[in-house]
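Read off the chains here:
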Amino acid sequence: MTLAFGAVTVVDSHTEGEPTRVVVTGGPDLGSGDLRARADRLVNDFDSFRSGVICEPRGSDVVVGALLCKPVDDSSAAGVIFFNDVGLLGMCGHGTIGLVTTLAHLGRIGPGHHRIETPVGTVSAELHSDGKVSVANVPSYRYQASVPVDVPGYGVLVGDIAWAGNWFFLVGEHPFSVDIANRRQLVAAATATRLALIRQQITGENSGVIDHIEFFAAPQTSRGSSRNFVLCPGASFDRSPCGTGTSAKMACLFAEGKLEPGELWVQEGILGTSFDARIASAANGRIHPVITGRAWITAESTLRFDPADPFAGGIVFP
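Residues numbered from 1 in each chain as written. Predicted model: local features only at pLDDT ≥ 70, side-chain atom pairs only at ≥ 80, totals over all residues. Heavy atoms only, no water.

Draft legend 1. Inspection of unusual backbone geometry at higher detail. Here the residue pair Glu56 and Pro57 is connected by a cis peptide bond, since its omega of 5° sits within 30 degrees of zero. Inspection of the secondary structure assignment puts Pro57 in the loop between helix 2 (47-54) and strand 3 (64-69). One non-glycine residue with positive phi stands out, namely Ser207, at about 65°. Looking at the secondary structure, you find Ser207 in the loop between helix 4 (183-199) and strand 12 (212-217). Judged by its relative accessible area of 58%, Ser207 falls in the exposed class. Here the phi dihedral of Cys242 falls at roughly 70°; this positive angle occurs in a residue that is not glycine. Tracing the backbone through its elements, the reader meets Cys242 in the loop between strand 13 (226-231) and helix 5 (243-255). (Helix = DSSP H or I, 4+ residues; strand = E, 2+ residues; numbered from the N terminus. Buried < 20%, exposed > 50% of the residue type's maximum accessible area, 1.4 Å probe, protein only.)

Structure, rendered in structure tokens:
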């Protein structure tokens, strides 16, 4: 489609190292339906807007976009649709922390509890007086345990499949060093694992595509519980400890009887930053995870879309 957008205002932030770009004004008219319906319309009718906002030359494959939407329920602080360089994200933990920090920066909310509507359900977030944000993620659960996948060039890797707003394949036993200096090997191995899952038709529930791959290792700080590397959809890796990835990990630990509600789980990310996480409650095999972290505002800017610009819709790499 031809982009017919003028000025688009955005606020950029990073959550423990992972960037978020909140689209404040200038986005497409997606109607007033629920967030799932509006997300479908974004990807079906306005996908060039998504790629134009998030891809080069205005963005990069690392940035997660958050389109601010009017909520269905007036008691909610906001509605949001998350996306990255290759498509939509059902839920994004670090992005929700960035969104709440942005709403506070704009003077739209203050400290306290706030409801945020997403395409996969409404989440609750608390803005603390010190600037930290706690996000109560969607109910999360382990779908399958100890699933083997034959990864060409790497052999058989065994992992759990879990849902936490996105589908994850979580691998604890592997030969890789989970360190930022080893990021290229981690990206290559995680990408090969994701492709192997697709080719071997290993999916989440109801054929859900597993688009997040997570490797774990021992923590590198005395406070940490574990360290992770998360490959996001596309070719980028999460610079933060990944909110939904942390939720998925806790769901697996709970299923194994290794983590109980109320216990602290400190998830380190590849940069050494961390999220504090707890299971608020659990029922019927599903947990209600709460993730706490902090975001910092990095920029406020106006994006321009000139119809004559050959890259108005972004540079989309095959």
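Draft legend 2. Main features of the pairing of strand 11 (residues 167-171). Judged by how many residues are buried, strand 11 sits mostly within the fold: five of five residues are covered. Side-chain alternation along strand 11 places Trp167, Phe169 and Val171 on one buried face and Phe168 and Leu170 on a second face that is also buried. Bridging between strand 10 (residues 155-163) and strand 11 involves four bridges; their strand directions are antiparallel. Looking at the pairing, Asp160 lines up with Leu170 of strand 11. Taking the residues between adjacent antiparallel strands as the criterion, strand 10 and strand 11 are bridged by three residues, where Gly165 takes a positive phi near 100°. Pairing of strand 11 with strand 12 involves four bridges; the strand directions are parallel. Note on strand 12: the bridge partner recorded for Phe168 is His212. With helix 4 bridging strand 11 and the parallel strand 12, this β-α-β connection has right-handed handedness. (Pairing = 2+ DSSP bridges. Right-handed = clockwise from strand over helix to strand, strands pointing away.)

Draft legend 3. A look at a nonpolar patch on the surface. On the surface, Leu195, Ile198 and Val209 cluster together to form a nonpolar patch covering roughly 270 Å² of accessible area. Secondary-structure assignment places Leu195 in helix 4. (Patch = residues over 30% accessible without salt bridge, like charges linked within 9 Å, V, L, I, M, F, W, Y side chains within 5 Å. Areas by Shrake-Rupley, 256 points an atom, 1.4 Å probe, with all protein chains shown as cover. Salt bridge = Lys/Arg side-chain N within 4 Å of Asp/Glu carboxyl O.)

Draft legend 4. Local environment of the environment of Ala283. Take Ala283: it is sitting in strand 15 (residues 274-283). Judged by its relative accessible area of 41%, Ala283 falls in the partly exposed class. Between the alpha carbons of Ala283 and Ser134 there is a distance of 21 Å; along the sequence they are 149 residues apart.

Draft legend 5. Just the packing of aromatic side chains, in detail. One pass over the structure, following the stated rule, counts eight aromatic pairs. Between Tyr154 and Phe176, the aromatic rings sit 5.7 Å apart at their centres with planes inclined by 75°, giving edge-to-face as the arrangement. Of this pair, Tyr154 sits in the loop between strand 9 (141-151) and strand 10 while Phe176 is found in the loop between strand 11 and helix 4, placing the two residues 22 residues apart along the sequence. Given a relative accessible area of 7%, Phe176 falls into the buried group. The side chain of Arg239 reaches across the aromatic face of Phe237, ending 3.9 Å from its centre. Over the face of the ring belonging to Phe216 we find Lys249, whose NZ or CZ atom lies 4.2 Å from the ring centre. (Phe/Tyr/Trp six-rings, centres within 6.5 Å; stacked < 30°, edge-to-face > 60°. Lys NZ or Arg CZ within 6 Å of the ring centre and 35° of its normal.)

Draft legend 6. Main features of the environment of Asn228. Position of Asn228 among the secondary structure elements: in strand 13. Residues Asn228 and Glu268, spaced 40 residues apart in sequence, show a C-alpha to C-alpha distance of 6.3 Å. In contact with Asn228, not counting residues within four places along its chain, are Val178, Glu214, Phe215, Phe216, Pro241, Gln267, Glu268, Gly269 and Ile270. Here Glu214 takes part through its side chain, which lies 2.8 Å from a polar atom of the side chain of Asn228. (Contact = heavy atoms within 4.5 Å. Polar contact = N/O pair within 3.5 Å; in protein donor to acceptor, adjacent residues only side chain to side chain.)

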